[in-house]
Amino acid sequence: LLADASMTKVFYDAVADVVVVEKLGFQVRNYTSVKAMHQVSTYDVQREGSLLSLSSELLGCSWSEESEQRQDVLEKSVLALYHLHHLLMQQIEERYLERVWHREESCLPVIVKLQQAGIQFDFEGWSLELEGYENEKQTLRQTIQEECQCPELDVQSPRQLQMALWKQGAQVAYVSEK
């Protein structure tokens with residue numbers, strides 16, 4: 001099942017988890033990381049935490065690993081991963097971060113191989129890269145608002161962009177959320 005590339009495996013921290021699973025002799029293919037998804041959706045690559053803390057924060061559910069039976073903790077963990085994966089993917093899409101996420105997700109196997117070879121990933125450098133994208137996005141937003149002479153323009157709204165461009169003489173016949 002872990003080696004089946006046709007099925008996505010959802011880990012909390014894919015980098016750490018896959019390193020351990022492969023060290024135990026299992027091959028893992030086609031996986032994703034809820035922790036990395038959350039880091040991308042919040043622009044916070046240094047964020048630390050656990051599945052329990054993220055589940056509590058985003059899903060409002062909590063459990064104590066000490067007070068519950070192992071089977072209950074495993075079931076709650078699997079359900080939390082499932083719901084977090086879908087919730088975070090929705091947030092990524094709402095924030096138009098799909099390209100950033102797909103780039104990050106495609107790096108996971110490389111980061112795992114680097115970890116296995118004892119080479120640490122440069123989270124500070126990656127944080128600077130994401131910060132650069134955010135600055136570029138803000139600059140583009142300001143440029144669009146200035147060019148359209150509309151400082152309150154929500155550039156995330158296709159309808160508002162269409163109307164602003166129409167006022168500038170650019171006829172845009174069709175808009176969509178994408």
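Please refer to the structure placed before this passage.
Within each chain, residue numbers correspond to sequence positions counted from 1 in written order. Note on the predicted model: pLDDT of at least 70 is required for a residue's local features to be given, and 80 or more for side-chain atom pairs to be given and counted; whole-chain, interface and lining totals, by contrast, use all residues. With hydrogens and water set aside, each side-chain value is computed from the structure's full complement of heavy atoms.

A. Molecular detail of the overall build of the chain. A helix here means a DSSP run of H or I that spans at least four residues, while a strand means a run of E at least two residues long, and both kinds are numbered starting from the N terminus. Within the chain, the regular secondary structure consists of 7 helices and 2 strands. Helices (α) and strands (β) of the chain occur, in sequence order from the N terminus, as β-α-β-α-α-α-α-α-α. Here the C-alpha radius of gyration of the chain, 20 Å, is well above what a compact globule of 178 residues would show, namely 16 Å. The principal-axis extent of the C-alpha atoms belonging to the chain is close to 65 × 35 × 30 Å. Sorting the 178 residues of the chain into buried and exposed places 30% on the buried side. Once local pairs closer than 6 in sequence are excluded, the contacts in the chain between residues at least 24 apart make up 49%. Every accessible area reported is derived by Shrake-Rupley at a probe size of 1.4 Å, with residue values counting cover from the shown protein chains alone. As displayed, the chain offers around 11,600 Å² of accessible surface, 54% of which is attributable to carbon and sulfur atoms. For the chain, the separation between the mean place of its 16 positive charges and that of its 28 negative charges on side chains is 4 Å. Both definitions apply: the radius of gyration is a C-alpha atom measure, and the globule rule equals 2.2 Å times residues to the power 0.38. The cut-offs for exposure are 20% and 50% of the maximum accessible area for each residue type, with area from a 1.4 Å probe on protein chains only; residues under the lower value are buried, those over the upper are exposed, and the others partly exposed. Only heavy atoms matter for contacts: two residues are in contact if any of them lie within 4.5 Å across the pair. Counted as positive: Lys and Arg. Counted as negative: Asp and Glu. His and the chain ends are not counted at all. By convention, the charge on Lys lies at NZ, on Arg at CZ, on Asp at CG and on Glu at CD.

B. Highlighting unusual backbone geometry. Phi angles above zero are rare outside glycine, and asparagine 30 is one such case at about 55°. Within the secondary structure layout, asparagine 30 lies in the loop between α1 (14-23) and β2 (31-33).

C. A look at the packing of α1 against helix α5 (residues 98-116). Packing of α1 against α5 leaves a shortest axis separation of 9 Å and a crossing angle of 60°. The angle between the axes of α1 and α5 places the two elements in the oblique class. Classified by chirality, the crossing of α5 by α1 is right-handed. In this structure, α1 contributes Ala14, Val15, Val18, Val19 and Glu22 to the contact, and α5 contributes Leu108, Ile111, Val112, Lys113, Gln115 and Gln116. Note on geometry: axes are C-alpha line fits, over the in-contact stretch for helices, and angles between N-to-C directions span 0 to 180 degrees. Roughly parallel means an angle under 35 degrees; roughly antiparallel means over 145; roughly perpendicular covers 65 to 115; every other angle is labelled oblique. Crossings are assigned a handedness: left-handed for a near helix turned anticlockwise from the far helix by less than a right angle, right-handed for a clockwise turn.

D. Geometry of the packing of helix α2 (residues 34-42) against α5. Between α2 and α5, the shortest axis-to-axis distance is 10 Å and the interhelical angle comes to 145°. The crossing of α2 and α5 is right-handed. Residue-level inspection shows Ala36, Met37 and Val40 of α2 in contact with α5, the latter providing Val100, Trp101 and Glu104. Of the residues belonging to the contact of α2 with α5, the class tally is 5 nonpolar, no polar and 1 charged. Each residue gets one of three labels, nonpolar for Ala, Val, Leu, Ile, Met, Phe, Trp, Tyr, Cys and Pro, charged for Asp, Glu, Lys and Arg, and polar for the others, Gly among them.

E. Structural detail: the nonpolar core. Among buried residues, the Ala, Val, Leu, Ile, Met, Phe, Trp, Tyr and Cys ones that are joined through side-chain atoms within 4.5 Å form a nonpolar core. With 18 residues, the main nonpolar core has Tyr12, Val34, Met37, Leu51, Leu84, Ile92 and Trp101 as its most contacted residues. Of all the elements in the fold, those that place two or more residues in this core are α2, α3 (51-59), α4 (70-94), α5 and α6 (123-147). The element contributing the most residues to this core is α4, with 6 residues. Contacts of valine 34, omitting those with residues within four sequence positions, involve Val10, Phe11, Tyr12, Leu54, Leu81, Leu84, His85 and Leu88. In terms of nonpolar packing, the next biggest core, distinct from the first, is built from 10 residues, Phe11, Val15, Leu108 and Val112 among them.

F. Seen up close, the packing of aromatic side chains. Each aromatic pair joins two rings of Phe, Tyr and Trp (for Trp, the six-membered one) with centres within 6.5 Å, and gets the label stacked for planes under 30 degrees apart, edge-to-face for over 60, and tilted for any other angle. Evaluation of the coordinates by the stated rule reveals 1 aromatic pair. An angle of 85° between the planes, with centres 6.2 Å apart, marks the rings of phenylalanine 11 and tyrosine 31 as edge-to-face. A residue pair is termed long-range when its members are at least 10 positions apart, and phenylalanine 11 in strand β1 (residues 9-11) and tyrosine 31 in strand β2 qualify at 20 residues. With respect to class, phenylalanine 11 is no different from tyrosine 31; both count as buried.

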